[in-house]
Amino acid sequence: MASAREEILGRIRAVDRQATPAVPREYERVRRADDPVGLLAERVADYRATVHRAAARELPYRIAERLDGRGRIAVPPGVPWEWRVPGVSWLPDDPPLGVSDLEAADGVLSGCALAIAETGTIVLDAGHAQGRRVLTLLPDYHLCVVHADQVVVSVPEAVERLDPKGPLTFISGPSATSDIELDRVEGVHGPRTLEVLLVG
Amino acid sequence: MGRNPVTWLGSPAFPDAARRALDDTQLRGNLRKATTTIRGKRESVVSELDDWEELRRAGESIKDDVLTNLDTYLERLEAAVTERGGVVHWARDADEANRIVLDLARQEGADGVVKVKSMATAEIGLNEALADGGVDAIETDLAEVIVQLGNDRPSHILVPAIHRNRAEIKEIFAQMPEPPDSDDPRALAEAARKYLRRKFLSSKVAISGANFGVAETGSIVVVESEGNGRMCLTLPETLITVMGIEKVLPRWQDLEVFLQLLPRSSTAERMNPYTSIWSGVTPGDGPQKFHLVLLDNGRTSTLADEVGRQALRCIRCSACLNVCPVYERTGGQAYGSVYPGPIGAILAPQLAGDLHDEQAASLPYASSLCGACYEVCPVRINIPEVLTHLRAEVVEAKGKRTPEAMAMSAAAWVFGDRRRYEAAQRAGSLTRFLARDGTLSSLPWPGSKWTDTRDAPVVPKESFRSWWRRNRG
Amino acid sequence: MNGPRVALFPTCLTDTAFPETAKAMVRLLERLGCDVEFPLDQTCCGQMHFNTGYADHARPMARAFADVFDGYDHIVAPSGSCAGMVREIHPNLCDSSSAALRTYELSEFLVDVLGVVDVGAHFPHRVTYHPTCHSLRMLGVGDKPLRLLRAVSGLELIPLPQAEQCCGFGGTFALKNAETSTAMLADKMRCVQDTGAQVVTAGDNSCLMQIGGGLSRLRAGVRPVHLAEILASTQEEPWVATP
Ligand code: SF4
């Protein structure tokens, strides 16, 4: 008996097929926006996430302000040293924190790979200042730092810049559901509070 | 090979199931409210993109490319996933897929698994198969929790509990260890969060579906809202993904099209809260064992049908359900399949592959052919075209001796010649046939179906053509 | 006359059950300078057969249609669904002639081919318009019927809520899924009645038969009148209700 693999491929090959259609890519791959950072701020806020803008030099001060009184904050390895402001009880993921430690964390601070203005999306690729996926998942509060030069306008621009290998997480607002009467309600399993610090 | 579980055993044919559903005023109210809300939202987020039609055309062509070169892309996907440390399995049908998953769960010593909502696993009845094998499958998507705890069946692709309102959901959640204290959606969501938290943290095995699998890079994509997907895709040691073979995409770049088409068509958002993309295994991050099960279960036979194969372009957004006037009134369970609504009416019978089955054969008729589904479909599936195509197959399966087939033959014979047509017109029989006319308010069956609720038009004394002959001839 | 040679394709339903609509088309098109003919060999476009799954029966009808209407400049139907059947489906059923491509629904013909919006009609009633699914989605007639109606003197056009929702007819759907069809009709009727219009119009007698049949059962007092009859109505020769 042929293996399932051979049989399925055989069934496919037995089908009469037309020539491969050309894919028309007449949609806009790059979109213009007068103020991509402003657009991002507006679109992120539409999801009921909180957005704060900061000049580069005041970033540490802003981080301290956001995290003040929030308790223990997990932080991936490799975040810039100036983000780890004093007065916060940091939980560095180095060596990796156990699940119960992360469950006990009150929040997490991370950077991102890029952000998509048009859709209000932040993308994490487990790269610089982001760490493992679980870090930004279990704590109920997520503070994410986005630099202006990380902002693209459209989805195609983002897909082009991203590395398909790394595990990627696209985040658009706090965890939400539309499962009750098709109305969006924030806050299910992921962080229920998402705050974005837009720098520059 | 057993019966394909894509249609539910013992479900009545659509007209009977619909009749029952129509009597349920609560259901109709819930559905009307939900579909009206989502329709308006979809329209507004779609109108934000002035290249929407171009995106639809690109989506359609990419999927046609997939269907044309499916073997090549599947082999490429298999190679890429394997190279990145995943294991690929192939399943011809539901039984085979269920067996693969059950064996894998047992190998890991798991007596329970957590699941992210997946149409493919619902289609093959995986939960039931796992339960038979002693493995408890816990659904983690809020709507699936509602369905599972309510001992109910799904009625929508995206929101399987769309037929339930908040008060009903509160009732169902009363059996949780920490039940919700009100029917406020926030409280209901909070109850689900608490209920599932332990299960996420303690499960060794998770099962997911896939929205897309990129052949070029081996990337698997799961699009979701609540974060239950991220939990399942990140926490357990072993991840098993069951993916219909038509979900493969050729290139990484193709995601730029679908990540725009899908969220705006499904939850009517610019982007859904979470999208996870991974490729094989990432050391030190997430599951360290990854299995991909590629599922046929009727897809290759659907592919063989030149007209019907376009149903395989479907990305399960559910936009066609939300605009369908029939779905809005009957709800999803009347379709007797995990795939309800317009896509269900063309996909379920094709996957089931047996048009002699009365229930499956009734589905292509569950439409007034109004075309609203085709208009919104992000991959431009011409659903009315497939419906009429499948109706022709149903007619063929039923043979020439049904009363309908005989009436249709007789009508065709009449229409085949102008003299016969005019004779029928004069005799009034044509009016009866076309306009269901007769003694005005009550007609014999099937005309009675008409006059049960409507009056038939009054027979004119003279047809147009007689008038024309008299005046112009 | 030297106007365009227009073949009338009233459709079998209108020919048989709604002759006033076809007569109105003759009046209207002649008034606009067309040379109107009615090829007597026509019967049915095969829509009902095709849509019910009897494509094999529809095929010879499509071929016959092509033969009957060969040689006319334009073919005009008072039905979005039959015009749609001919233009969109016939070419797939048989290599039918270009007749299929020269077939128009009335409002398309008036606006696109004749280039008129104001047809000189007079119809002093409150009217609401149901767009019918095939006119809207298969043919894409857009707002042409509304533009025509807005130009009718004396006519008060009242927008129909949820206009684009199907009335529930769908040919044999109304019989095979009678209860669902009725539920759709009930909502359509509620919308029609909410407008307070005296007349509900559409470009298709099959949908009007559904809506009108339901309204008449309710004794709702709203009359179904085909678009052609409104456009044919003038001060001199006003529309009269058929009993
Ligand atoms: S058929 Fe089209 S509209 Fe319907 S669920 Fe599939 S992709 Fe969406």
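Being a predicted model, the structure only gives us computed values, none of them experimental.

Student: Give me the lowdown on the domain arrangement of chain C, citing residues and values where you can.
Tutor: Residue and element names in this part refer to chain C. If you check the domain split of chain C, you get domain 1 (5–113) and domain 2 (126–232). Between the C-alpha centres of domain 1 and domain 2 there is a distance of 21 Å. Taken together, the contact between domain 1 and domain 2 spans 29 residues of the former and 22 residues of the latter. When domain 1 packs against domain 2, close to 2,100 Å² is buried across both sides, 65% of that on carbon and sulfur atoms. Interface area lost by domain 1 to domain 2 is led by Thr21, Ser107 and Val111, which between them contribute 19%. Applying the counting rule to domain 1 against domain 2 returns one salt bridge. The partner of Asp112 in a salt bridge is Lys144, and the shortest N-O contact between them spans 2.9 Å. The interface formed by domain 1 and domain 2 holds 12 residue pairs in polar contact (both at pLDDT 80 or more) in total. At the level of secondary structure, the elements contributing two or more residues to the side of domain 1 that touches domain 2 comprise helix H1 (12–17), helix H2 (19–31), helix H3 (47–52), helix H5 (80–93) and helix H6 (106–113). Partitioned by chemical class, the residues of the side of domain 1 that touches domain 2 number 12 nonpolar, nine polar and eight charged.

Student: Talk me through the interface of chain C and chain B; I want residue IDs and the actual numbers.
Tutor: Contact with chain C, which involves 60 residues of that partner, is made by 65 residues of chain B. Carbon and sulfur atoms make up 59% of the surface buried where chain C meets chain B, a total of about 5,600 Å² over both sides. Across the contact surface, chain C and chain B share eight salt bridges. Residue C:Glu179 pairs with B:Arg19 through a salt bridge whose shortest N-O separation is 3.0 Å. Inspection of the chain C/chain B interface yields 28 residue pairs in polar contact (both at pLDDT 80 or more).

Student: Any details on the site of the ligand? Residues and values, ideally.
Tutor: Every residue lining the ligand is accounted for by B:Cys314, B:Ile315, B:Arg316, B:Cys317, B:Ser318, B:Cys320, B:Ile343, B:Cys377, B:Pro378, B:Val379, B:Ile381 and B:Ile383. Class assignment of the residues belonging to the shell around the ligand gives a composition of 10 nonpolar, one polar and one charged.

Student: Outline the UniProt feature "domain: LUD" (unreviewed entry) in chain A, listing residues and values.
Tutor: Cross-referencing UniProt, the feature "domain: LUD" (unreviewed entry) maps to residues 102–199 of chain A in the present numbering. In residues 102–199 of chain A, helix accounts for 10% and strand for 36%; the two terminal C-alpha atoms are 27 Å from one another.

Student: A description of the interface of chain A and chain B should follow, citing residues and the corresponding values.
Tutor: Every contact between the two is made by 77 residues of chain A and, on the other side, 99 residues of chain B. In this assembly, chain A packs against chain B so that about 7,400 Å² is buried in total across both faces, 55% of it on carbon and sulfur atoms. Taken together, the links from chain A to chain B amount to 19 salt bridges. The closest approach of N and O atoms between B:Asp285 and A:Arg133, which form a salt bridge, is 3.2 Å. Across the contact surface, chain A and chain B share 46 residue pairs in polar contact (both at pLDDT 80 or more). Listed by contribution, the elements that provide at least two residues to the side of chain A that touches chain B are helix H1 (4–13), helix H2 (36–46), helix H4 (99–104), helix H5 (155–161), strand E9 (168–171), strand E10 (176–177) and strand E11 (185–186) of chain A. The leading source of residues in the side of chain A that touches chain B is H1(A), at eight residues. Here the side of chain A that touches chain B is composed, by residue class, of 35 nonpolar, 17 polar and 25 charged. Sheet analysis places E9(A) next to strand E9 (residues 274–279) of chain B, joined by four bridges and oriented antiparallel. Each residue of the ladder has a partner; that of A:Phe170, found in E9(B), is B:Thr275.

Student: Quick rundown of helix H10 (residues 185–202) of chain B? Include the residues and the values.
Tutor: Residues and elements named next belong to chain B. Between its first and last C-alpha, H10 extends 27 Å over 18 residues, near the 26 Å set by a 1.5 Å rise per residue. In H10, a bend of some 35° at Leu196 exceeds every other bend along the element. Of the positions making up H10, those classed as buried are Pro185, Ala187, Leu188, Ala189, Ala191, Ala192, Arg193, Leu196, Arg197 and Phe200.

Student: I'd like a rundown of the pattern of salt bridges, residues and numbers included.
Tutor: One pass over the full model with this rule turns up 76 salt bridges over all chains. One salt bridge in this structure joins C:Glu37 and C:Arg5, with 2.8 Å as the shortest N-O distance. Taken together, the residues C:Glu37 in strand E2 (residues 35–37) and C:Arg5 in strand E1 (residues 5–8) connect sequence positions 32 residues apart. Relative accessible area serves as the criterion here: at 31%, C:Arg5 is assigned to the partly exposed category. Each of A:Arg5, A:Glu6, A:Arg13, A:Arg17, B:Asp71, B:Glu75 and B:Glu78 takes part in one network of salt bridges that share partners.

Student: Got a sec to walk through the environment of C:Met61? Specific residues and values, please.
Tutor: Mapped onto the elements of the fold, C:Met61 is located in helix H4 (residues 55–68). Its relative accessible area of 5% is what places C:Met61 among the buried residues. A C-alpha to C-alpha distance of 9.7 Å links C:Met61 and C:Leu93, two positions 32 residues apart in sequence. Beyond its immediate stretch of four places on either side in the chain, C:Met61 contacts B:Ala412, B:Phe415, C:Cys44, C:Cys45, C:Gly46 and C:His49.

Student: I'd love a proper account of the UniProt feature "domain: Cysteine-rich" (unreviewed entry) in chain C, names of residues and values included.
Tutor: Residues and elements named next belong to chain C. According to UniProt, the "domain: Cysteine-rich" (unreviewed entry) feature falls on residues 6–86 and 127–211. Overall, residues 6–86 shows 57% helix and 12% strand. The separation of its end C-alpha atoms is 16 Å. When the span residues 127–211 is considered, its composition is 51% helix and 11% strand, and the gap between its end C-alpha atoms is 14 Å.

Here is what the cut-offs are and how they apply
Residues numbered from 1 in each chain as written. Chains lettered and ligands numbered in written order. Predicted model: local features only at pLDDT ≥ 70, side-chain atom pairs only at ≥ 80, totals over all residues. Heavy atoms only, no water. Domains from an automatic or database assignment. Contact = heavy atoms within 4.5 Å. Buried area = accessible area lost by both parts, 1.4 Å probe. Salt bridge = Lys/Arg side-chain N within 4 Å of Asp/Glu carboxyl O. Polar contact = N/O pair within 3.5 Å; in protein donor to acceptor, adjacent residues only side chain to side chain. Helix = DSSP H or I, 4+ residues; strand = E, 2+ residues; numbered from the N terminus. Nonpolar A, V, L, I, M, F, W, Y, C, P; charged D, E, K, R; others polar. Near = heavy atom within 4 Å. UniProt positions renumbered as here; feature names shortened; annotations may be inferred. Pairing = 2+ DSSP bridges. Expected span 1.5 Å × (residues − 1). Bend = angle between axes of the 7 residues up to and from the residue. Buried < 20%, exposed > 50% of the residue type's maximum accessible area, 1.4 Å probe, protein only.

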